[in-house]
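Breakdown of the fold
Residues per chain are reported as follows:
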Amino acid sequence: MTADISLQDPRTRLVEATLRLLARHGPSEVKARSVATEAQLSTMGVYTYFGGVPELLQAVADEGFSRQAAVFGSLPDSGDPMADLCLMALACHDFARRNPHLYDLMFGLSIHGRYSPSRGTAEPLLSGQSPSFRAAYGFLLQGCARLVEGKCVRKADPDLIALQFWSALHGFIMLDLASHFAHTLSPAVDVLVPICVNMVAGMGARRERAEASSSAAVATWTSAQNSKSATPRKK
C-alpha cells in the first residue's frame, strides 16, 4: 500500500520525492522542478523548506545515513566481534547495491563519473559531522572497539581501526558499483569477506579464528536473506 503523501509534512515529501527520483532515474532527474512535481508541491517549496537543491540533497544524504544506521541496528549480536563486524560489512554492501545513487550521494562520490553533489560548492556536501552520519558510523566504531576490548586483535586505537575498515569497505563498494567485479561469482563472499579476514589477521587476530568468524557471518547473512525471500510481500 502506498502512503498518502498529502499526510506528510512538505520537507518529508520533498526528501521522499528525491529518493524516488534517484532510485528510478538517477541524479540527472534531481532538479527543483522535477522534485516538486514528484512531491506534488510547487517548485518554490524546494527553496522555502530547504533553501535550494544543495540543501535538499544534504537532507537526502542525511536520510540515507539514518536508513543505513537502521540497517546496522537491526543486525544480531552474535557475541563474536569479528563475525559481527563482517556481518556489518555485508549489510553495508547490500545497502549500497540496493541504493546505488543514494549511496553515491551520501559519500559525495561519482558513479561512472556521472555525479558529484559536492562539485561546484565551497564545502563538501556532507562533512561527516551530521547526527545521522555519526549514528551510522557509531556502529562501526563500536564494533571496532569490541575487537580491541575482546582482545581479538592487538591493542590499538579503535578510531584508527574504524577508519581503516571504513576505507577498505567503501573502496570495495565503489569498485563493485562500477562493475569492476562483474566477472566474480559473488563479490561479497569472494572479495569483501577475505578483506575482513585479512584486515583483522593483520591486526593480530589468529587467521583460523578470523576465517571461522567470517564463515559464521556469511551463514547468518545468507540465512537472513533466504528468510526475506521466503516471506510473502504485503500488498
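For every chain, the first residue of its written sequence is number 1, and the numbers climb from 1 along that sequence. Local features in this predicted model are restricted to residues of pLDDT 70 or higher, and side-chain atom pairs are both shown and tallied only at a pLDDT of 80 or more, whereas totals for entire chains, interfaces and linings draw on every residue. Calculated side-chain values reflect all of the structure's heavy atoms, with hydrogen atoms and water omitted.

A short note on unusual backbone geometry
- Here Gln 40, not a glycine, exhibits a phi torsion of approximately 60 degrees, which is positive.
- Helix and strand labels come from DSSP, where a helix needs a run of H or I of at least four residues and a strand needs a run of E of at least two; each type is numbered from the N terminus. Mapped onto the elements of the fold, Gln 40 is located in the loop between α2 (32-39) and α3 (44-50).
- A simple rule labels every residue: compare its accessible area, found with a 1.4 Å probe on the protein chains alone, to the largest value its type can have, and call it buried under 20%, exposed over 50%, or partly exposed in between. According to the relative accessible area criterion, Gln 40 is exposed, its value standing at 59%.
- The phi angle at Ser 179 is positive, at roughly 65 degrees, despite the residue not being glycine.
- Within the secondary structure, Ser 179 sits in the loop between α8 (158-177) and α9 (187-202).

Side note on the nonpolar core
- If you look at the biggest cluster of nonpolar residues, it comprises 69 residues, and the most contacted ones within it are Leu 140, Leu 147, Val 153 and Phe 165.
- Sort the elements by how many residues they give to this core and helix α5 (residues 81-98) lands first, with 12 residues.
- Every residue in contact with Val 153, bar those within four places of it in the chain, is listed here: Leu 147, Val 148, Ile 161, Val 200, Met 203, Gly 204 and Ala 205. What makes a nonpolar core is a set of buried Ala, Val, Leu, Ile, Met, Phe, Trp, Tyr and Cys residues whose side-chain atoms join them at distances within 4.5 Å. For this analysis, residues touch if any pair of their heavy atoms sits within 4.5 Å.

What about the pattern of salt bridges?
- We count a salt bridge whenever a side-chain nitrogen from Lys or Arg sits within 4 Å of a carboxyl oxygen from Asp or Glu. Overall, the coordinates contain 8 salt bridges when judged by the stated rule.
- Between Glu 38 and Arg 20 there is a salt bridge, with the nearest N and O atoms lying 2.8 Å from each other. Within this pair, whereas Glu 38 is found in helix α2, its partner Arg 20 is found in helix α1 (residues 10-25), the two being separated by 18 residues in sequence.
- Classification of Arg 20 as partly exposed rests on a relative accessible area of 27%.
- A salt bridge links Arg 146 to Asp 77; its shortest N-O distance comes to 3.4 Å. Placement of the pair is Arg 146 in helix α7 (residues 131-149) and Asp 77 in the loop between α4 (53-73) and α5, with a sequence separation of 69 residues.
- Connected through salt bridges with shared partners, the residues Glu 16, Glu 63 and Arg 67 form a single ionic network.

Regarding α8
- Here the expected length of a helix is defined as 1.5 Å per residue gap, with one fewer gap than residues. Helix length check: α8, at 20 residues, gives a terminal C-alpha distance of 28 Å against a target of 28 Å (1.5 Å per residue), a fit within 8%.
- Those residues of α8 not exposed but buried are Ile 161, Ala 162, Phe 165, Trp 166, Leu 169, His 170, Phe 172, Ile 173, Met 174, Asp 176 and Leu 177.
- Those residues of α8 that are buried are in contact with α4, α5, α6 (100-106), α7 and α9.
- One side-chain oxygen at the N-terminal end of α8 lies 2.9 Å from the backbone nitrogen of Asp 159; it belongs to Asp 157.
- Once α8 finishes, Ser 179 follows within two positions and takes phi at roughly 65 degrees, a positive value. Counting of polar contacts relies on pairs of N or O atoms within 3.5 Å, with two restrictions inside protein: one atom must be capable of donating a hydrogen and the other of accepting it, and residues adjacent in sequence are counted only when both atoms are side-chain atoms.

As for the confidence of the model for the chain
- Summary of the metric used: pLDDT quantifies the predictor's per-residue confidence within the range 0 to 100. Across the chain, the average pLDDT comes to 88, with 86% of residues at 70 or higher.
- Across residues 110-127 the pLDDT falls below 50, and counting only partners more than four positions away or on other chains, this stretch makes 35 contacts in the model.

Here's the deal with the packing of α5 against α9
- Comment: axis = line fitted to C-alpha atoms, over the contacting stretch for helices; angle = value between 0 and 180 degrees taken between N-to-C directions. Put simply, α5 and α9 touch, their axes get as near as 10 Å, and they point 140 degrees apart. One way to sum up the angle between α5 and α9 is to call them oblique. In this structure, α5 meets α9 at a crossing whose hand is right-handed. Contact residues: α5 offers Met 82, Cys 86, Ala 89, Leu 90, His 93 and Arg 97, while α9 offers Pro 187, Ala 188, Leu 192, Val 193, Cys 196 and Val 200.
- A per-class count over the contact of α5 with α9 returns 10 nonpolar, 1 polar and 1 charged. Roughly parallel refers to an angle under 35 degrees, roughly antiparallel to one over 145, roughly perpendicular to one between 65 and 115, and oblique to any angle outside these ranges. By convention, the crossing between two helices is left-handed when the near helix turns anticlockwise from the far helix through less than a right angle, and right-handed when the turn is clockwise. Residues are grouped as follows: Ala, Val, Leu, Ile, Met, Phe, Trp, Tyr, Cys and Pro are nonpolar; Asp, Glu, Lys and Arg are charged; every other residue, Gly included, is polar.

Topic: the environment of Leu 85
- For Leu 85, the location among the structural elements is in helix α5.
- Here the alpha-carbon distance between Leu 85 and Cys 144, two residues 59 residues apart in the chain, equals 7.5 Å.
- Setting aside residues no more than four positions away along its own chain, Leu 85 makes contact with Leu 140, Gly 143, Cys 144, Leu 147 and Phe 165.

Describing the packing of aromatic side chains
- Side-chain rings of Phe, Tyr and Trp, where Trp is taken by its six-membered ring, are said to pair if the distance between their centres is within 6.5 Å; with planes under 30 degrees apart they count as stacked, over 60 as edge-to-face, and otherwise as tilted. Under the criterion given, the structure shown has 9 aromatic pairs.
- Ring-pair connections join several aromatic residues into one group, and the members of that group are Phe 65, Tyr 103, Phe 107, Phe 133, Tyr 137 and Trp 166.

As for α4
- The end-to-end C-alpha separation of α4 is 30 Å, in line with the 30 Å expected for 21 residues at 1.5 Å each.
- Residues of α4 that are buried include every one of Val 53, Leu 56, Leu 57, Ala 59, Val 60, Ala 61, Gly 64, Phe 65, Gln 68, Ala 69 and Phe 72, and no others.

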